[in-house]
Amino acid sequence: MTDRAMARQTFLAGSTWENWQAAPLAGDASARRYDRLTPPAAAGCDSDPVILMDADPATGEQTAPFAAIAGWLRAQGFAAPVIHLSDSAAGFLL
């Protein structure tokens, strides 16, 4: 397991999404990676999928601006993603 995969596992540990299944999504023009997390089929859970952003700070990426913009947009009454879990120091946003 890579250091980044271990960091991701630590980020999700103990959360609702810890054992959800990950499927990679198409990236953008950055070093960020995205995965769609869905509940395990056996869980019978009707929760919506969530998106995990992996923005490794070692590559110069940051998550804090995304969280700040989403928060500001929601506060103004606009539709924006809900931030369920974040760790800007580790570079993860859910």
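Sequence order sets the numbering: in each chain, residues are counted from 1 along the sequence as written. Per-residue local features of the predicted model are confined to residues with pLDDT of at least 70, and side-chain atom pairs are confined, for both listing and counting, to 80 or more; whole-chain, interface and lining totals are unaffected and use all residues. Working from all heavy atoms in the structure, the side-chain values ignore hydrogens and water.

So, about the nonpolar core. Generally speaking, nonpolar side chains in soluble globular proteins are found buried as a group. Among buried residues, the Ala, Val, Leu, Ile, Met, Phe, Trp, Tyr and Cys ones that are joined through side-chain atoms within 4.5 Å form a nonpolar core. Think of it in three bands: with a 1.4 Å probe and only protein chains considered, a residue is buried below 20% of the maximum accessible area for its type, exposed above 50%, and partly exposed in between. The biggest cluster of nonpolar side chains holds 9 residues, and these are Phe 11, Leu 12, Trp 17, Trp 20, Leu 37, Val 50, Leu 52, Phe 92 and Leu 94. Put simply, DSSP marks the helices as runs of H or I at least four residues long and the strands as runs of E at least two long, and each gets a number from the N terminus on. Of all the secondary-structure elements, those providing two or more residues to this core are helix H1 (3-12) and strand E3 (50-54). Excluding its chain neighbours within four sequence positions, the residues that come into contact with Trp 20 are Leu 37, Thr 38, Pro 39, Pro 40, Ser 47, Asp 48, Pro 49 and Val 50. Residue contacts are defined here by distance: any two heavy atoms, one from each residue, within 4.5 Å place the two residues in contact.

Next up on the list: the environment of Leu 73. Mapped onto the secondary structure, Leu 73 falls in helix H2 (residues 64-75). Among the residues examined, Leu 73 registers a relative accessible area of 26% and is labelled partly exposed. The contact partners of Leu 73, leaving out residues within four places of it in the chain, are Phe 78 and Ala 80.

Hydrogen bonds between backbone atoms are what pair the strands of a sheet, whose relative direction is either parallel or antiparallel. Read from one edge to the other, the open sheet built from 5 strands follows the order E1-E2-E3-E5-E4, with strand pairing classed as antiparallel. Whereas interior strands pair on both sides, the edge strands pair on one side only; in this sheet they are strand E1 (21-24) and strand E4 (86-87). Strand pairing is assigned whenever DSSP detects at least two bridges linking the two strands. One ladder, built from 4 bridges, connects E1 with strand E2 (residues 33-38); its direction is antiparallel. Among the inter-strand pairings, Pro 24 is bridged to a residue of E2, identified as Asp 35.

With that out of the way, let us pick up H2. In this scheme, a helix's expected span is set at 1.5 Å multiplied by one less than its residue total. The terminal C-alpha atoms of H2 lie 16 Å apart, and with 12 residues this matches the ideal 16 Å at 1.5 Å per residue to within 8%. Where H2 ends, the next residue or the one after it, Gly 77, has phi of about 90°, a positive value.

The next point concerns the packing of aromatic side chains. Given two aromatic rings, their pairing is described by the distance between the two centres and the angle made by the two planes. Any two rings among Phe, Tyr and Trp, with Trp reduced to its six-membered ring, count as a pair given centres within 6.5 Å; such a pair is stacked if its planes are under 30 degrees apart, edge-to-face if over 60, and tilted if neither. The tally for this structure, following the rule as stated, stands at 1 aromatic pair. Their ring planes at 20° and their centres at 5.2 Å tell us that Phe 11 and Phe 92 sit as a pair that is stacked. In this pair, Phe 11 sits in helix H1 while Phe 92 sits in strand E5 (residues 92-93), placing the two residues 81 residues apart along the sequence. No difference in accessibility class separates Phe 11 from Phe 92, as the two residues are buried.

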